Amino acid sequence: MDHCRFRTSLGGVLFCQDKVYLEGLCKFHYRALQAGEINENGVINEQISDQIRRREINLHGIDRGDDIYLEDRS
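Residues numbered from 1 in each chain as written. Predicted model: local features only at pLDDT ≥ 70, side-chain atom pairs only at ≥ 80, totals over all residues. Heavy atoms only, no water.

(A) Geometry of the overall build of the chain. Each helix and strand counted, the chain has two helices and zero strands in total. The buried share of the chain, taken over its 74 residues, is 32%. Sequence-distant contacts, at least 24 apart, represent 30% of the contacts inside the chain between residues at least 6 apart. (Helix = DSSP H or I, 4+ residues; strand = E, 2+ residues; numbered from the N terminus. Buried < 20%, exposed > 50% of the residue type's maximum accessible area, 1.4 Å probe, protein only. Contact = heavy atoms within 4.5 Å.)

See below:
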């Protein structure tokens, strides 16, 4: 697989398209793994209550298109 193995929870069919860094994950998702935000299977930790961070993890590396809403953090 030439892309990250993280599978989003958006229907469970979209994968992060970033290049693999370590353990089949891109740098972003590998850091999330190290921080305990996702598990070794690439599933988001259900104890993360910060919805903005959950969206960041879920949407990182996918084609966002115009129909997906992201909150402006500025």
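(B) Inspection of the pattern of salt bridges at higher detail. Taken as a whole, this structure holds three salt bridges when the rule is applied. Residue Glu 46 pairs with Arg 54 through a salt bridge whose shortest N-O separation is 3.8 Å. Salt-bridge contacts for Arg 53 lead to Glu 56; the nearest nitrogen and oxygen are separated by 3.2 Å. Taken together, the positions of Arg 53 and Glu 56, both in helix H2 (residues 51-59) and three residues apart, correspond to about one turn of that helix. Glu 56 gets classed as partly exposed once you look at its relative accessible area, which sits at 29%. Among the charged side chains, a network of salt bridges with common partners joins Glu 37, Arg 53 and Glu 56. (Salt bridge = Lys/Arg side-chain N within 4 Å of Asp/Glu carboxyl O.)

(C) Highlighting H2. Within H2 the residues assigned to the buried category are Arg 53, Arg 54, Ile 57, Asn 58 and Leu 59. In the core, the buried residues of H2 are packed alongside helix H1 (27-34). Two or three places before Ile 52, at the start of H2, stands the capping residue Asp 50, its side-chain oxygen 3.0 Å from that residue's backbone nitrogen. Among the residues trailing H2, Gly 61 stands out with phi positive, at a value near 80°. (Polar contact = N/O pair within 3.5 Å; in protein donor to acceptor, adjacent residues only side chain to side chain.)

(D) Region of interest: H1. Every buried residue of H1 is listed here: His 29, Tyr 30, Ala 32 and Leu 33. The arc that holds the buried residues of H1, viewed along the axis, is 155°, so those residues lie on one side. Facing away from the buried side of H1 by more than 90 degrees, the exposed set consists of Arg 31 and Gln 34. The inward-facing, buried residues of H1 contact H2. Looking one or two residues past H1, Gly 36 carries a phi angle of roughly 80°, positive in sign. (Arc of directions from axis to C-beta.)

(E) Molecular detail of the nonpolar core. Counting 12 residues, the largest nonpolar core is built from Cys 4, Phe 6, Cys 16, Leu 25, Cys 26, Tyr 30, Ala 32, Leu 33, Ile 38, Ile 44, Ile 48 and Ile 57. The element best represented in this core is H1, accounting for three residues. (Core = buried A, V, L, I, M, F, W, Y, C linked by side-chain atoms within 4.5 Å.)

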